[in-house]
Amino acid sequence: MNTAILQKLLPSLMVSLLFAYIYLDSLQLIYYRFFEKSWKPLILIFAAYMVWAKRRELRNSKFTKATIPTGIVLTLSALLLTLISQLSLNRLLIETSPFLFVAGMFFLLQGQRRGMCGAWICSYLVTILIATELLVIYFQKPLQLAAAYGSAYILSISGLDIAYEGISLYLPHVVLDVAPWCSGINQLIALAAFTIPLSYTSLKSTLHRFSVILALIPISVAINTLRITAIGFWNYGEYREHVHGPYEILLLPIMYPVGIVAVITIISILSAKEKNRNLKIEKSRNAKPFSLFTFVWCIVMLMLTGAIDRLFSVDNNYNHFKHFPAHLGEWRGEESEEPYPGGSRERPDFTQSFLYRNDDGDQLSVFSGSFSSQNKLNKVEINRKRSYNAPIRSLHIPGNDSELYKVRKTKSSVDGKTQIQIYFYWVDGKVIGNNLQYNMALLRRTVNEGLNDATIVIIQGRSEQDLQEEKINQMISFASQLIPIILEK
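Residues numbered from 1 in each chain as written. Predicted model: local features only at pLDDT ≥ 70, side-chain atom pairs only at ≥ 80, totals over all residues. Heavy atoms only, no water.

**Comments concerning the overall build of the protein chain**
Inference 1: Scanning the protein chain from N- to C-terminus turns up 14 helices and 12 strands.
Inference 2: A buried classification covers 49% of the 489 residues belonging to the protein chain.
Inference 3: Residue pairs at least 24 apart in sequence account for 73% of intrachain contacts in the protein chain once pairs closer than 6 positions are excluded.
Inference 4: If you sum the accessible surface of the protein chain, you get close to 24900 Å²; carbon and sulfur atoms cover 60% of it. (Helix = DSSP H or I, 4+ residues; strand = E, 2+ residues; numbered from the N terminus. Buried < 20%, exposed > 50% of the residue type's maximum accessible area, 1.4 Å probe, protein only. Contact = heavy atoms within 4.5 Å. Areas by Shrake-Rupley, 256 points an atom, 1.4 Å probe, with all protein chains shown as cover.)

**What about the packing of aromatic side chains?**
Inference 1: Applying the stated criterion across every chain, the model contains 15 aromatic pairs.
Inference 2: Summarising the aromatic geometry, the rings of W120 and F210 are spaced 5.5 Å apart at their centres and angled 35° between planes, so their arrangement reads as tilted. With W120 in helix α7 (residues 112-130) and F210 in helix α10 (residues 206-235), this residue pair connects regions lying 90 residues apart in the sequence.
Inference 3: You can call F210 partly exposed: its relative accessible area is 44%.
Inference 4: Here the basic side chain of K54 rests over the ring of Y200, its NZ or CZ set 5.3 Å away from the ring centre.
Inference 5: It is R55 that lies over the ring of W52; its NZ or CZ is 4.0 Å from the centre. (Phe/Tyr/Trp six-rings, centres within 6.5 Å; stacked < 30°, edge-to-face > 60°. Lys NZ or Arg CZ within 6 Å of the ring centre and 35° of its normal.)

**Some thoughts on the environment of Y340**
Inference 1: Looking at the element boundaries, Y340 is found in the loop between β5 (331-335) and β6 (350-357).
Inference 2: C-alpha separation for the pair Y340 and I458, spaced 118 residues apart in sequence, amounts to 9.0 Å.
Inference 3: In this structure the side chain of Y340 is engaged in a polar contact, spanning 3.3 Å, whose partner is the side chain of E346. (Polar contact = N/O pair within 3.5 Å; in protein donor to acceptor, adjacent residues only side chain to side chain.)

**Structural notes on the pattern of salt bridges**
Inference 1: Inspection of the entire model under this criterion finds 8 salt bridges.
Inference 2: Across the pair E95 and R91 runs a salt bridge whose closest N-O atoms are separated by 2.6 Å. Here the residue E95 and the residue R91 both occupy positions in helix α6 (residues 91-110), the gap between them amounting to 4 residues, near one helical turn.
Inference 3: Its relative accessible area of 0% is what places E95 among the buried residues.
Inference 4: Taking the relative accessible area as the measure of exposure, R91 reaches 9% and is therefore buried.
Inference 5: R445 is paired through a salt bridge with D428; the nearest N and O atoms lie 3.0 Å apart. One end of the pair, R445, is in helix α13 (residues 435-449); the other, D428, is in the loop between β10 (417-427) and β11 (430-432), with 17 residues separating them in the sequence.
Inference 6: With a relative accessible area of 7%, R445 lands in the buried category. (Salt bridge = Lys/Arg side-chain N within 4 Å of Asp/Glu carboxyl O.)

**Topic: the packing of helix α5 (residues 67-88) against α13**
Inference 1: One can describe the packing of α5 onto α13 by two numbers: an axis separation of 7 Å at closest approach and a directional angle of 90°. Here α13 runs roughly perpendicular to α5, going by the angle between their axes. Two secondary-structure elements touch here, α5 through I84, L87 and S88 and α13 through N439, L442, L443, T446 and V447.
Inference 2: Split by residue class, the contact of α5 with α13 holds 5 nonpolar, 3 polar and no charged. (Axes fitted to C-alpha atoms, helices over the stretch in contact; angles between N-to-C directions. Parallel < 35°, antiparallel > 145°, perpendicular 65-115°, else oblique. Nonpolar A, V, L, I, M, F, W, Y, C, P; charged D, E, K, R; others polar.)

**A few points about the nonpolar core**
Inference 1: Residues V15, I43, F101, Y124 and L125 are the most contacted members of the largest nonpolar core, which totals 63 residues.
Inference 2: Per-element tally for this core: the top contributor is α7, with 11 residues.
Inference 3: Those residues in contact with V15 that lie beyond four places of it in its chain are F101, M105, L109, F295, C298, I299 and L302.
Inference 4: With 26 residues, the next largest nonpolar core counts W331, L364, Y405 and I420 among its residues. (Core = buried A, V, L, I, M, F, W, Y, C linked by side-chain atoms within 4.5 Å.)

Below, the structure is given as structure tokens:
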């Protein structure tokens, strides 16, 4: 191998090996992400395409005046995220920090063009692998409302007699609800997985690239509105066995190709404009690369990252409540052999399962999982939804003296019934039902006491589809009796 090439590759190789060792726990979590959804491994193909399509431009990646400061800012940001995530055990921060460091490492060791390419690829992977959780939280409800409003408007101007309220469309013989799984959020994520690589490889202007990515929101809303509208026309004035069109065809992503065509059309128009204007990316005056400095900087940042794990070590604390009560108002409880419904990577030190019954024959299962200490690979899983279409909502549980306790609620379909879970965290004698407050409570407890023990309590019940609200109210009443007892322990 050419000695000059070896000299260029050796620093990057050494830093990469140390990076893999230091970030091993975070990389394992990222690896698990790829198998949460069957389509996620495909994004590696798109990421590889982003590099292959730019291979000629990446051959001569020179250092500019902005290259090294950009790399320093990114690596320092990664170090800060690692510190915060070590204290709060926030999974989003745990998984984002290595991507930030990789982007910074590309700038520091590989130059401007490769740094920009690395930054785009890292941003792409973070968006599709990690940030989809935030997309669901903040976009799902607005997408439902937008699709319902747009569909109601189109049906109305078409001369149909229709009423609209919130996410519900009132037709003469049927009420159509734009449910979470009809919001178009899956479609939006799938379009983003396709659009980000295509915009990066096809366009030169950063403004144009981001314009196409932002255009995904109205495109997704528009095509989902057309789908809901078609369902409205299909059901208007009729009692249909198949609500979603003939043979439920409108449940399939038949509108997704329309979104793909719209994205390709926009990119083609912008690309043609760039060619007509002979657009060129402005280049900064070349600066002499500080190869020794950048290499040492990367090594120091990695060593500090590794030191954080040792600096903020925590002790085991087994001071958790041990038993649920045998009687709770009208409910009688006994230990159950039903397994703790934890995440696939949750390994609590102590679990308990109770089955409660009342005189009417209703049943509720109650579980707890207690961790004497937590780390990145074994901790309370705060994201307990089973799919994008099972959003987590907040509930307020009435307690003693007009006090309200905030808890979390999610539901899923199991054996033809709706399974509902209400859960909350118990940290340092306090009930917490907000993820951010939970992470902040862990952070304070780790810094002040060197402890990060926690317990999660899950109340679980099943009901028929049309009896969900009754079951939820019953579970709220049960939780209002259970929480004060837990706080006394």
